[in-house]
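What the coordinates show
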Amino acid sequence: MNPSRRAGIAALAATAAVLLVSAAPAQADTVGASGSPYSATTAVGVHNAYEQQTYEHLADALDSGAGLIELDVWTNSFDVVAKGGGMSDWRVSHENPLANANNCANATAPEQLRGLSRDQDLAGCLADLRVWHDANPGHRPVMIKIEMKDGFNAPGGLGPREFDALLDDRLGSALFRPSDLTGGAPVTLDEAVRADGWPGRGELAGKFIVELIPGTVEEKNPADPLWTDVEYATHLRDLAAAGTLDEAVAFPAVHRAEAGDPRQARYPDATIRPWFVIFDGDAAAFVNGGIDTGWYRDRGYLLVMTDAHQVAPAIDGTSPSEEAARARVDELAAGNASVVTADWHPLPGVLSRVVPRG
C-alpha cells in the first residue's frame, strides 16, 4: 500500500471509533462489519429515496440506516432550448425535467432538515446531506447513486467539471473520492483496487461515495452519443493525466448486467476502461443470466444489484415481510452483490443490515 493511502486510512480509522461508540443503531454498521473491507460486505439501499412518497424528507432516508440512497438529476436541457442557453441549477425529479420534485430542504442546520420547503435543486439536496453528515459524525459509509436522467450538458455549463465543483463545494471532506482510492499515486482506479482494494468500512466511516450512472432518457436518446459513463470516465482519465485527479468527486458505473468483462465491448476506447470499478444492473439479470459474479468479487469491484424483489420467486417491491426481505438480501450477498436495492423504505431493520459478501 502506498504511503499516502496508508496515511489517509489511518486518519479515517481514527474516525471509526466514533462510529462504534456514538452512532445510533440505524446509522451504524451491523456489529462486526466495521472491520471488513468495504468490498467484502453487502449493504442495502433505497431506490429513488428523494421522492416524497418514499420519504417525507431526505433526512428520513439517511436516518433509515440505508447503505445507498438514489437521486435522479436533470441538466435542464429543455431550458437551454427555450431560453437560448444558460442554466442556473441541476434539477432533482423523477419524470419532470422542468421542475424540482423531491424531499430535499436545502438545510443549513439540523433543525431545518424537516422544517423548510421541499422541492429543491441538487445543491439543496447536497446541503441536506452535509448537514446530516455534520450532525452524525462517524456515520456508516453511504453510497449516493446519481442517475443523470438526460446526461451531462457541458456546452450548457453543466458538465463534469461543474458537477465536481458543486459537490466539492457542498460536501467537501465528506466525500470519498477517486483520488482517495488511488492514494494520490499515478495509477488507474482498476490498478488501485486490484493492488490495495477498498478501505475497510470502519475506515470509511463518515464518508459518502458518489456513483454515477447514465439516465433512462439519455440511454434512449439517439441524438446523444456521449453518455454519462463515458463522459465521466474520460474526465477521470484526463484529470489523472494532468495530475489533478483530486478534483474529481464521483465514480462512474458500468450500467446493466452483462457476462464477462462488460467494459471490453461497452467501451471501444480502451483508455477509459480502467476507470470503472463499480458495476450496476438488475439483480435478476445477474442471478439468472449465467453471469459469473465471482469475477467482480475476486477483483474487488463493487456490484450494485437493483430491483432485488424481482429475482424469482418475486417478492413485494415495497413492503415484503421482513423475513422475506432479509432472505433476499442474504441470497444476493451470497451472489456477490455489494449493495442490494429495492423500494423497501418501510423496513429500516433490513435497510441497516450489513452482511458478508460472497
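Refer to the structure above for everything that follows.
None of the values given here were measured: they were computed from a predicted structure.

So, how was this worked out
- Residues numbered from 1 in each chain as written.
- Predicted model: local features only at pLDDT ≥ 70, side-chain atom pairs only at ≥ 80, totals over all residues.
- Heavy atoms only, no water.
- Helix = DSSP H or I, 4+ residues; strand = E, 2+ residues; numbered from the N terminus.
- Buried < 20%, exposed > 50% of the residue type's maximum accessible area, 1.4 Å probe, protein only.
- Areas by Shrake-Rupley, 256 points an atom, 1.4 Å probe, with all protein chains shown as cover.
- Axes fitted to C-alpha atoms, helices over the stretch in contact; angles between N-to-C directions.
- Parallel < 35°, antiparallel > 145°, perpendicular 65-115°, else oblique.
- Contact = heavy atoms within 4.5 Å.
- Polar contact = N/O pair within 3.5 Å; in protein donor to acceptor, adjacent residues only side chain to side chain.
- Left-handed = near helix turned anticlockwise from the far one by under 90°.
- Nonpolar A, V, L, I, M, F, W, Y, C, P; charged D, E, K, R; others polar.
- Phe/Tyr/Trp six-rings, centres within 6.5 Å; stacked < 30°, edge-to-face > 60°.

Considerations on the overall build of the chain
Within the chain, the secondary structure is distributed over 14 helices and ten strands. Burial analysis of the chain (358 residues in total) assigns 57% to the buried set. For the chain, the exposed surface amounts to about 13,400 Å²; the carbon and sulfur share of it is 53%.

Details of the packing of helix 5 (residues 160–171) against helix 9 (residues 228–241)
Running from N to C, helix 5 and helix 9 cross one another at 80 degrees; their axes reach a closest spacing of 10 Å. Here helix 5 lies roughly perpendicular to helix 9, going by the angle between them. Contacts between helix 5 and helix 9 involve P160, R161, F163 and D164 from the former and E231, Y232, H235 and L239 from the latter.

Some points on the environment of T108
With respect to the helices, strands and loops of the structure, T108 is situated in the loop between strand 3 (91–92) and helix 4 (122–135). We classify T108 as exposed; its relative accessible area is 66%. In this structure, the C-alpha to C-alpha distance between T108 and V131, residues 23 residues apart in sequence, is 6.3 Å. Among the polar contacts listed, one links the side chain of T108 to the side chain of Q112, at a separation of 2.7 Å.

Things to note about the packing of helix 4 against helix 5
The contact between helix 4 and helix 5 brings their axes to 9 Å, and the two run at 35 degrees. Helix-helix and strand crossings are classified by hand; for helix 4 and helix 5 the assignment is right-handed. Where helix 4 approaches helix 5, its residues L122, A123, G124, L126, A127, L129 and R130 are matched on the opposing element by F163, L166, L167, R170 and L171. For the contact of helix 4 with helix 5, the residue count by class is nine nonpolar, one polar and two charged.

A few points about the packing of aromatic side chains
Using the criterion set out here, one finds 16 aromatic pairs in the structure. Summarising the aromatic geometry, the rings of W90 and F152 are spaced 6.3 Å apart at their centres and angled 85 degrees between planes, so their arrangement reads as edge-to-face. With a gap of 62 residues between them, W90 in the loop between helix 3 (77–83) and strand 3 and F152 in the loop between strand 4 (142–148) and helix 5 connect regions that are remote in the sequence. The class of W90 is buried, set by a relative accessible area of 5%. Aromatic rings pair up to connect F279, F286, W295, Y296 and Y301 into one cluster.

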